[in-house]
Amino acid sequence: MMKTTNRGIAFKLNLWILTSVTLIFAVIFTYTYLFTRDMLIAKIEQSALDLARATSEDIDAVLLSVEKTPENIAVAMEQFRPQSGAFTGLIQETIKRSPEIYGATVAFEPWEYSTNIRYFAPYYYKGRDGKVEFTYIPYDYIYEDWYQIPKELDEPVWSEPYFDEGAGNILMSTYSVPFYDLNSPEKKLWGVTTADISLAWLQEIVQAIKIGETGYGFLITKNGTFVTHPNSRLIMNETIFSLAEGKGDARLREIGRRMIAGETGFVSLNCEFSGKPCWLVYNPLSSNEWSLGVMFPKEELMADVFRLNKIVIGLGAAGFILIMFLIAAISGTITRPLRALTRVAEDVATGNLDAEMPEVKSRDEVASLAHSLDNMKTSLKDYIRDLTDLTAAKERIESELQIARDIQMGILPKVFPPFPERDDFALYADVEPAKEVGGDLYDFFFIDEERLCVTLGDVSGKGVPAALFMTITQTLIKTRATQNLSAGEVIAWVNHDLAQENPSFMFVTMFFGIFNVKTGDLDYVIAGHNPPYIVRANGDLEMMPSTKGMALGIREEAQYSAAKVTLSQGDMLFLYTDGVTEAMDPHNDLFSEERLENILKEHGLMKVGDLIKHIFAEVHSFADTAPQADDITMLALRYTPE
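A quick note: this is a predicted structure, and the numbers were derived from the prediction, not measured.

Peer 1: Would you explain a nonpolar patch on the surface in this entry?
Peer 2: A grouping of Phe320, Ile321, Met324 and Phe325 is seen on the molecular surface, where their side chains present a nonpolar patch of about 360 Å² in accessible area. Of the residues examined, Ile321 reaches a relative accessible area of 42% and is grouped as partly exposed.

Peer 1: Before we go on, may I ask you to explain the nonpolar core in this structure?
Peer 2: Nonpolar side chains in soluble globular proteins tend to end up buried together. Counting 61 residues, the largest nonpolar core has Tyr141 and Leu202 as the members making the most contacts within it. Residue contributions to this core peak at 10 residues, all from helix α1 (residues 9-80).

Peer 1: Would you mind going over helix α8 (residues 303-349) with me for this structure?
Peer 2: Because an α-helix packs 3.6 residues into every turn, residues spaced three or four apart end up facing the same way. Here α8 spans 65 Å end to end across 47 residues, near enough to the 69 Å set by a 1.5 Å rise per residue. Taken residue by residue, α8 has Val305, Asn309, Gly316, Ile327, Ser331, Gly332, Thr335, Pro337, Ala340, Leu341, Val344 and Val348 as its buried positions. Contacts from the buried residues of α8 go to α1 and α9 (365-411). With its phi angle positive at about 105°, Gly351 sits one or two positions after the end of α8.

Peer 1: I would appreciate a short explanation of the pattern of salt bridges in the present structure.
Peer 2: Two side chains with opposite charge may pair up if their charged atoms get near one another. Applying the stated rule across the entire model yields 18 salt bridges. Asp424 is the partner of Arg422 in a salt bridge, and the nearest nitrogen-oxygen pair spans 2.8 Å. Among the residues examined, Arg422 registers a relative accessible area of 25% and is labelled partly exposed. What you see here is one network of salt bridges that share partners, running through Glu254, Arg257 and Arg258.

Peer 1: Help me understand the packing of aromatic side chains, please; the structure alone is not making it clear to me.
Peer 2: Here the distance between the centres and the angle between the planes together describe a pair of aromatic rings. Scanning all chains against the criterion turns up 32 aromatic pairs. With centroids separated by 5.5 Å and ring planes inclined at 15°, the aromatic side chains of Tyr123 and Tyr125 adopt a geometry described as stacked. The residues Tyr123 and Tyr125 share a single accessibility class, namely buried. Summarising the aromatic geometry, the rings of Phe416 and Tyr428 are spaced 4.7 Å apart at their centres and angled 45° between planes, so their arrangement reads as tilted. One end of the pair, Phe416, is in the loop between α9 and β13 (425-432); the other, Tyr428, is in strand β13, with 12 residues separating them in the sequence. The rings of Phe108, Tyr113, Phe120, Tyr124, Phe134, Tyr136 and Phe179 are connected pair by pair, giving a single aromatic cluster. One cation-aromatic arrangement involves Lys187 over Tyr180; the distance from NZ or CZ to the ring centre is 4.6 Å.

Peer 1: Explain the sheet that holds strand β12 (residues 291-297) here, please?
Peer 2: Sheets are built from strands that pair by backbone hydrogen bonding, the pairs being arranged parallel or antiparallel. Strand order in the open sheet formed by 5 strands is β9-β8-β12-β11-β10, with antiparallel pairing between adjacent strands. At either end of the open sheet lies a strand with only one pairing partner, and these are β9 (226-228) and β10 (265-270). Strand-to-strand, the axes of this sheet are offset by a mean angle of 30°, without reference to chain direction. Two strands pair when backbone bridges link them, and β10 and strand β11 (residues 277-284) are joined in this way by 6 bridges, in the antiparallel orientation. Each bridged residue has a counterpart across the sheet, and for Ser268 the counterpart in β11 is Trp279. Against the sheet, α1 touches β10, β11 and β12, its axis set at about 40° to β11.

Peer 1: What's the story with the environment of Ala250 in this structure? I'm lost.
Peer 2: Summarising the element assignment, Ala250 is placed in helix α6 (residues 250-260). Taking the relative accessible area as the measure of exposure, Ala250 reaches 47% and is therefore partly exposed.

Peer 1: Quick question: what am I supposed to make of the sheet that holds strand β22 (residues 632-639) here?
Peer 2: Read from one edge to the other, the open sheet built from 5 strands follows the order β13-β22-β21-β18-β19, with strand pairing classed as antiparallel. Two strands close off the open sheet at either side, each with one partner strand: β13 and β19 (541-543). Taken pair by pair, the neighbouring strands of this sheet meet at an average axis angle of 15°, ignoring direction. Bridging between strand β21 (residues 572-576) and β22 involves 5 bridges; their strand directions are antiparallel. Along β22, the bridge assignment pairs Leu575 with Leu635. Where helix α13 (residues 592-603) meets the sheet, its contacts fall on β18 (533-535), β19 and β21, and the angle it forms with β18 comes to roughly 20°. Lying over the sheet, helix α14 (residues 608-623) contacts β13, β21 and β22, oriented at roughly 25° with respect to β13.

Peer 1: Sorry, what's going on with the packing of α9 against helix α10 (residues 463-481) here?
Peer 2: When two helices pack together, their arrangement is given by the angle between the helix axes and the distance between those axes. The contact between α9 and α10 brings their axes to 11 Å, and the two run at 25°. With respect to each other, α9 and α10 are oriented roughly parallel. Judged by the sense of rotation from one axis to the other, the crossing of α9 with α10 is left-handed. Facing Leu401, Gln408 and Ile411 of α9, the residues of α10 in contact are Val464, Ala467, Met470, Thr471 and Gln474.

Peer 1: It is not clear to me how the side chain of Thr105 should be interpreted in this structure. Could you clarify?
Peer 2: Checked against the element boundaries, Thr105 lands in strand β1 (residues 103-108). Assessed through its relative accessible area of 2%, Thr105 is described here as buried. A distance of 2.5 Å separates a polar side-chain atom of Thr105 from the backbone oxygen of Pro122. If we ignore the near neighbours within four places in the chain, the residues touching Thr105 are Ile91, Ala121, Pro122, Tyr123, Ile137, Trp146, Val192, Thr193 and Thr194.

Peer 1: Explain unusual backbone geometry here, please?
Peer 2: Residues other than glycine predominantly adopt negative phi, and peptide bonds predominantly adopt the trans conformation. Between Phe416 and Pro417 the backbone carries a cis peptide bond, its omega angle lying at -5°. On the secondary structure map, Pro417 appears in the loop between α9 and β13. Unlike most non-glycine residues, Ser592 shows phi in positive territory, near 75°. Phi at Asp624 is positive, roughly 55°, even though this residue is not glycine. Mapped onto the secondary structure, Asp624 falls in the loop between α14 and β22. Here Asp624 falls in the exposed class, since its relative accessible area comes to 56%.

The rules we used
- Residues numbered from 1 in each chain as written.
- Predicted model: local features only at pLDDT ≥ 70, side-chain atom pairs only at ≥ 80, totals over all residues.
- Heavy atoms only, no water.
- Patch = residues over 30% accessible without salt bridge, like charges linked within 9 Å, V, L, I, M, F, W, Y side chains within 5 Å.
- Areas by Shrake-Rupley, 256 points an atom, 1.4 Å probe, with all protein chains shown as cover.
- Salt bridge = Lys/Arg side-chain N within 4 Å of Asp/Glu carboxyl O.
- Buried < 20%, exposed > 50% of the residue type's maximum accessible area, 1.4 Å probe, protein only.
- Core = buried A, V, L, I, M, F, W, Y, C linked by side-chain atoms within 4.5 Å.
- Helix = DSSP H or I, 4+ residues; strand = E, 2+ residues; numbered from the N terminus.
- Expected span 1.5 Å × (residues − 1).
- Contact = heavy atoms within 4.5 Å.
- Phe/Tyr/Trp six-rings, centres within 6.5 Å; stacked < 30°, edge-to-face > 60°.
- Lys NZ or Arg CZ within 6 Å of the ring centre and 35° of its normal.
- Pairing = 2+ DSSP bridges.
- Axes fitted to C-alpha atoms, helices over the stretch in contact; angles between N-to-C directions.
- Parallel < 35°, antiparallel > 145°, perpendicular 65-115°, else oblique.
- Left-handed = near helix turned anticlockwise from the far one by under 90°.
- Polar contact = N/O pair within 3.5 Å; in protein donor to acceptor, adjacent residues only side chain to side chain.

Written out as structure tokens, the structure reads:
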């Protein structure tokens, strides 16, 4: 099947319309042909039957008139038994007046006409010049069919065709009427009166039937013998049954049976004379039970139909070609602007928004498409201009955020070890914001020779507001921590300051501790933050007790109490934000405190820097492709006084 997917609209229009037209034309042509053929065949059948009946009636009319002559003579013979001169004169006069009668006689039974004469049959017939001639039938006529059959049947009969040698000397058929001595009690036969018809005369009548160039008529007797036929070889030599037998044609044999049975019919068969397909119509003669057949050549009678079909096919082909050119022209007119619009659309697709629109003069769908495409070009230009502006603004914001990130990272201590001249403790911290800037914070600084402040917090929210809030918090802690306050007092003041000016209701969770590097004592406050861990020098893991303080910035009057722990040689303080334990994998499972504690138990004696880097790697491996949802911050301090 032809693929039309990649074909143009003009080709598809041509294909489908021409296919539809061809199908419609084929249906109409087929219906018209069949209807015309059937109608013509019906008319031919009716005309053929009418012709056969009319011809049969004409022949019957002649034969019936012929029958009257011997019948009248027979009546006269029975009534009056006229003398020889009287009835022979009657026969002679009848021959003169009846052109259809070839000859006639009155044939007596032996010794019936005279005891001195055995056979007496005076015969008048038409000579070669048409004059009436006379002779006595010279043979023993009582054994001939024309005499013997009516005598035996005791009724008038037509004889089978025969050649009357010695009397008429032609092919003829005789109508014989027996006559009797009505005065005898046994109805004694006197003789037979006859009237002969020449088969040549019948042939002229039948041959007058002309059907086209090759149609013809023929006549068979009640025994099936051909009496007339265009093929003279068949006359008196063949019967329709011998012909069917010679051909092995059972159908012709059946037709012959119907013809001699006196039936009327219209059948299709091959013509014996031309060998071409014909229709045969047959009709009986009522006078002598013979049957008339007429052959109608199909090709000649259907010639007008065939010629009409050729004309229709020719006109159809011409119309098909004309329609094809018209559709091609029309579809070309329709699709030309579409092709131009397609080229514009292709240019637009490659980024050429200044492609020139084709001129469309119509107001149909093509014009609407052109208008829509033009509007699309304008909209794309506006969109691209807006997108360019938006991209520039976004790049500017990203640049500013990058600067903010650099500033934020600059605020946080990033140099490790932070106090290289000291070997009594080791400290490492790192932060990984979820966005360009984060809200987590850490810090550490000495407030005197022995006390080191350590902070780690998590501001609610993310982004720039959280970063600013973180910066404020970190600044406030440094400010308050240097005023020689206790850990609880520092956090209380920072909370007070944050809560006073907090229109955005932001807050920060916080671990704040003051670590005495000389004694190992750690005073600390946990304000809503995750409890830190202590990894003892022997590897034991302890969670630091909570001081139960709320997050900073929520309530101005909030109070904070401090707690105290002591670190020994090799103990490590580990601080973190919830970005570590609440990191999620692609299945939304949390990293969890349990996983963090296992890492600390297993690797808690590593160097503080290596430990934090290892935990970062574990968190990243756990999260896999899941996006980072929160800032991650960790700080580790290992106490090593000796």
